[in-house]
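Take a look at the letters that make up each chain.
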Amino acid sequence: NWVLNGACDLVATSGQITALGATGALPTPTAQHQMVALADGQVLMTGGLHATGEFNSGASLSATEAAWLFDGTSWGPLPNMNMPRALHSATLLPDGRVLIVGGAASASFGGSSAGAWTHDTPVACAEVFDPVDLAFVPLSDCSPSDTSGDLSTPVASPMVAAGDDLGVLVVGGSDPSNVASST
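Residues numbered from 1 in each chain as written. Predicted model: local features only at pLDDT ≥ 70, side-chain atom pairs only at ≥ 80, totals over all residues. Heavy atoms only, no water.

K.L.:
Is there a simple way to explain the side chain of T91 in this structure?
P.N.:
Position of T91 among the secondary structure elements: in strand β10 (residues 89-92). For T91, a relative accessible area of 12% corresponds to the buried category. Aside from chain neighbours lying at most four places away, what touches T91 is V36, R97, V98, L99, V160 and A162. (Helix = DSSP H or I, 4+ residues; strand = E, 2+ residues; numbered from the N terminus. Buried < 20%, exposed > 50% of the residue type's maximum accessible area, 1.4 Å probe, protein only. Contact = heavy atoms within 4.5 Å.)

Rendered as structure tokens:
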């Protein structure tokens, strides 16, 4: 049996580790979420899988559209993303916004390949978090029923890189059949 953990530790640049305790713990124990340090030093956390109590290998967990902002001592809720996502990417853009790409609406841990996450319902759309307006802006329909979306293939666990001149490059991940994508 597995239990998700909501504990949060702060590691200083000196290497000192501080357990943040109850006030610094995640609002809900979460796995397969994404975190990005913003230009102002706060940390954006998006999506992830939630489970209450114990769950067994092979159990399906639902993703959340929830988002939080960590100010150095505690987490504060943000408006939700436009759809539930886990196994997605979150990339800081040169202008300070954050690009959220791909993901899955649910996932299972273990099963036939113990220790691995498998997913269904991969996501084809992207959205951008604006830290000034504290809002998520979709780049297309960005709903669970949108399988066309912005990406050429719905994909979970993509790798993303952003550059000033290049733009944003989204590569690989796994497609709807849980097979590695070469897109």
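K.L.:
How do you make sense of the sheet that holds strand β8 (residues 67-70) when you look at a structure like this?
P.N.:
Strand order in the open sheet formed by 4 strands is β4-β5-β8-β9, and the pairing between neighbours is antiparallel. Each having just a single partner strand, β4 (34-37) and β9 (75-77) make up the two edges of the open sheet. Neighbouring strand axes in the sheet, compared pairwise and without regard to direction, differ in orientation by 25° on average. The pairing of β4 with strand β5 (residues 43-46) spans 4 bridges and is antiparallel. By the bridge assignment for β5, M35 is matched with M45. (Pairing = 2+ DSSP bridges. Axes fitted to C-alpha atoms, helices over the stretch in contact; angles between N-to-C directions.)

K.L.:
Explain the sheet that holds strand β11 (residues 98-101) to me, please; I cannot follow it from the model alone.
P.N.:
In sheet architecture, strand pairing relies on hydrogen bonds along the backbone and comes in two forms, parallel and antiparallel. The strand order β10-β11-β14-β15 describes an open sheet built from 4 strands, whose pairing is antiparallel. The open sheet has two free edges, formed respectively by β10 and β15 (135-138), since each of these has just one partner strand. The average angle at which neighbouring strand axes cross in this sheet is 25°, direction not considered. Pairing of β11 with strand β14 (residues 126-130) involves 4 bridges; the strand directions are antiparallel. Bridging from a neighbouring strand, V98 pairs with F129 of β14.

K.L.:
Can you help me understand the nonpolar core in this one?
P.N.:
For soluble globular proteins, the rule of thumb is that nonpolar side chains tend to be buried together. Counting residues in each nonpolar core, the largest one holds 12 residues, listed as V36, L38, L44, A67, L69, L78, M81, A90, V98, I100, F129 and F136. At the level of secondary structure, the elements contributing two or more residues to this core comprise β8 and β11. Setting aside its immediate chain neighbours within four residues, I100 contacts T46, M81, R85, H88, S89, A90, C125, A126, E127 and F136. Among the nonpolar cores identified, the runner-up in size contains 11 residues, and L4, F55, L61 and A63 belong to it. (Core = buried A, V, L, I, M, F, W, Y, C linked by side-chain atoms within 4.5 Å.)

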